[in-house]
Amino acid sequence: MTANPAMIEKYRNNFLKEVEANVEEGEWVKMCMQCGVCSGSCPLGTFWDHPPQEIFMMIRAGKREEVLSSESMWMCTSCYNCIVRCPRELPITHIMHGLAHYAKRLGLVPQNQPTAKFSQMFWDNLMKKGRVNELKLGLSLCFMNGFGEGVKTAMKKQKLGMNMLKSRRMNPMEAIGGHGVKDVSGFQKAIAKAQELEDARIAQHGAN
Amino acid sequence: MAKREYSFYPGCSSQKGASSSSNYLVSVQTMCEELDVTLNEIPDWNCCAASIGYSGGGELPRLTLSARNIALSEEHNPGQDIVATCAACWLSTREAAERLHEDEGLLAEANQALAEAGPKLKNETPIKHMAEVLIEDIGFDAIGAKVKKPLEGIKIAGYVGCQTNRPFGIAGESFENPVYLDKLVDTLGGESIPTYEKKVQCCGGALAFSEPEKSQEMVKGIIEAAYDHGADMIVTPCPVCQMNVEVYQDEINETYNTKFAMPVVYYSTLMAVAYGRSAKDAALDEQVIPAKKLDELAAK
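Residues numbered from 1 in each chain as written. Chains lettered and ligands numbered in written order. Predicted model: local features only at pLDDT ≥ 70, side-chain atom pairs only at ≥ 80, totals over all residues. Heavy atoms only, no water.

## Thoughts on the overall build of chain A
Here is step 1 of the chain: When you go through chain A residue by residue, the secondary structure sums to 12 helices and 0 strands.
Here is step 2 of the chain: Counting from the amino terminus, chain A carries its helices and strands in the arrangement α-α-α-α-α-α-α-α-α-α-α-α.
Here is step 3 of the chain: When its C-alpha atoms are laid out on the principal axes, chain A stretches across 70 × 40 × 30 Å.
Here is step 4 of the chain: Taking all 208 residues of chain A together, 49% fall into the buried category. (Helix = DSSP H or I, 4+ residues; strand = E, 2+ residues; numbered from the N terminus. Buried < 20%, exposed > 50% of the residue type's maximum accessible area, 1.4 Å probe, protein only.)

So this is what it looks like as structure tokens:
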């Protein structure tokens, strides 16, 4: 039996096409056979509004808003259990990161999603000097929900901070300057160029 | 033993005396001295974005981060395999190399981005985790031959975790029940726990920061299972596992009314002590929860 391209096209709605074009490893979504091994293998599975297998079916059903504004993919711990167990070998972890990034790009991330915030802080932190400054990252995390909350969190984390200081695995001097690459400007130019190329590619396919 | 040289990618958290896995770097350096391994740091290496930078970093910018490191390594340390000690560094770099190998379009774009800063990616360099270097390049026999102080009577749970194990892992090992850490413990004269149930359980990774309650519940299970087996300590090859399982035990004790004080060390900590080196060389003084049995052995 040969495939009928017209029939296949009929089942490929616009959102699936958009995911295939614009989301990292999105072309794999159509390969999911709904077995549910990914959902059963996820260490945080119980916290997903829609586990991966459901997300894949929702994409195929054209549920754009519900998928992209979901907290689900922000629950991924990048443990890769789903990837190694998927009988169809879908790169599920990467698709989840890709969907999360695409949701961020379109401004559809739910407000105050903690992992979305932390993920963005991590990226912004590393972009400044080319290397992550753990002390500054820790401080931004602490104060990510405003000053009042931050003071409370800082009090709660005081012992942890002291432990890290005592074991010489944290250094207050990192607050001023801190480590980084020597060629910061070359580094930033290269990543900016990569961003520009990716933006152009996505603009070309359109985010309908 | 033959002298070996590698192009070393230490990663952001390895910063000596200033970041969370400083203890890993110190003990790895000691271990490498004993095994006659020279680590040539990749000049001006950058962060790999780990597995959490994806909100701001799209696919190509993240691949470009790793491409820059590989290109710098190929330019300055030609012919040397890249070795990373951090699971996330290894994973991101190897993933980037594979994806750029498979996708010519992405490779062309990554090189176009890199051209802004100079280095050009050939993408011909093998990318290894230090555990692969130990097992595949050096081998258990040679590792065992260097032991001066066997870890006698020390019971150690081998916690492999996620990213050193999946999706690449160590050749010949199973994703569900890898045994190389148990073999290493036995090789060093310690007592391994091959039936430790939580050896590949996720600790929460970066979500330990953003979703601490969810992460700490998983960490609780990892520690509890080690106690159930009568372990004196946990050993791991991953800096995220080491930190997440070691440093939140006070918070877990408060939440769950437990009395955990389970030391969590690196394979390199065990090796440095078994090779007769000092507590300082093994970075035992950088433990948040002291590994008393190793302290005692190192002092002997």
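## Considering the pairing of strand 1 (residues 4-9) of chain B
All names here are of chain B.
Here is step 1 of the chain: Here strand 1 runs beside strand 2 (residues 37-41); their pairing, made up of 5 bridges, is parallel. When the sheet's bridge partners are listed, Y6 is paired in strand 2 with L39.
Here is step 2 of the chain: Following the chain from strand 1 across helix 1 (residues 22-34) to the adjacent parallel strand 2, one finds a crossover that is right-handed.
Here is step 3 of the chain: In this sheet, strand 3 (residues 82-84) lies alongside strand 1 in parallel orientation, the contact comprising 3 bridges. Bridging across to strand 3, F8 finds its partner in V83. (Pairing = 2+ DSSP bridges. Right-handed = clockwise from strand over helix to strand, strands pointing away.)

## Let's talk about the interface of chain A and chain B
Here is step 1 of the chain: The interface is formed by 63 residues belonging to chain A together with 67 residues belonging to chain B.
Here is step 2 of the chain: Each partner contributes to the roughly 6000 Å² buried at the junction of chain A and chain B, and carbon and sulfur atoms together form 58% of this total.
Here is step 3 of the chain: Applying the counting criterion to the chain A and chain B interface returns 10 salt bridges.
Here is step 4 of the chain: As a salt-bridge pair, E251 of chain B and K157 of chain A come within 3.1 Å of each other at their nearest N and O atoms.
Here is step 5 of the chain: Looking at the side of chain A that touches chain B, the elements that each hand over two or more residues are helix 6 (81-85), helix 7 (92-105), helix 8 (114-129), helix 9 (134-142), helix 11 (158-166) and helix 12 (184-205) of chain A.
Here is step 6 of the chain: Looking at the side of chain A that touches chain B element by element, the count peaks at 11 residues for helix 12 of chain A.
Here is step 7 of the chain: Residue composition of the side of chain A that touches chain B, grouped by class: 29 nonpolar, 17 polar and 17 charged. (Contact = heavy atoms within 4.5 Å. Buried area = accessible area lost by both parts, 1.4 Å probe. Salt bridge = Lys/Arg side-chain N within 4 Å of Asp/Glu carboxyl O. Nonpolar A, V, L, I, M, F, W, Y, C, P; charged D, E, K, R; others polar.)

## Section: the side chain of S119 of chain A
Here is step 1 of the chain: Following the sequence through the fold, S119 of chain A ends up in helix 8.
Here is step 2 of the chain: From its side chain, S119 of chain A meets the backbone oxygen of I52 of chain B in a polar contact 2.5 Å long.
Here is step 3 of the chain: Filtering out sequence-adjacent residues up to four positions away, S119 of chain A remains in contact with W74 of chain A together with I52, G53, Y54 and S55 of chain B. (Polar contact = N/O pair within 3.5 Å; in protein donor to acceptor, adjacent residues only side chain to side chain.)

## Some words on the sheet that holds strand 2 of chain B
Residue and element names in this part refer to chain B.
Here is step 1 of the chain: As summarised here, the arrangement of the 4 strands in space is 2-1-3-4, forming an open sheet in which the pairing is parallel. Both outer strands of the open sheet, strand 2 and strand 4 (127-129), are each paired with one neighbouring strand and no more. With strand direction ignored, the average angle separating the axes of adjacent strands in the sheet is 40°.
Here is step 2 of the chain: Relative to strand 4, helix 3 (residues 87-102) is tilted by about 155°, and along the sheet it contacts strand 1, strand 3 and strand 4. (Axes fitted to C-alpha atoms, helices over the stretch in contact; angles between N-to-C directions.)

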